[in-house]
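Structural overview
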Amino acid sequence: MSFLIDAGWLLFKILSVCGLITALAGVAFFGWHFVRINAHAARGESGEVPSESWRGPGARLGLYILAGGVAMSVASMLLAAALPSRY
């Protein structure tokens, strides 16, 4: 039984760290696409932000990656609440 509890806490730590890394990667991916499209639009005559920078495929994928990271973090919190104490 102790082995399963230790494995559960290890899974908690892995989900927590991987969730944070994935969420930050999603923010970086979204930001890269957002800035790239806005920089390309700034070269034109129009000074407005194109809707593709918010709703384009790159931005959408970045938000999906961010949502995956948040889901892993929430799963790690639920797992920590369900597991008994280590001590």
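Preceding this section is the structure that the text describes.
So, here is what we can say about the structure in this document. Fair warning: this is a prediction, and the values are worked out from it, not measured in the lab.

**Thoughts on the environment of Met 72**
Within the secondary structure layout, Met 72 lies in helix 3 (residues 57-82). You can call Met 72 partly exposed: its relative accessible area is 24%. Sequence separation of Met 72 and Ala 7 is 65 residues, and the distance between their C-alpha atoms is 17 Å. Each residue touching Met 72, except ones within four places of it in the same chain, is listed here: Leu 15, Cys 18, Gly 19 and Thr 22.

**A look at the side chain of Ser 53**
With respect to the helices and strands, the residue Ser 53 is situated in helix 2 (residues 52-55). For Ser 53, a relative accessible area of 0% translates into the label buried. Non-local contacts of Ser 53, meaning those with residues more than four positions away in its chain, are made with Phe 30, Phe 34, Ile 37, Asn 38 and Ala 59.

Basis of the calculations
- Residues numbered from 1 in each chain as written.
- Predicted model: local features only at pLDDT ≥ 70, side-chain atom pairs only at ≥ 80, totals over all residues.
- Heavy atoms only, no water.
- Helix = DSSP H or I, 4+ residues; strand = E, 2+ residues; numbered from the N terminus.
- Buried < 20%, exposed > 50% of the residue type's maximum accessible area, 1.4 Å probe, protein only.
- Contact = heavy atoms within 4.5 Å.

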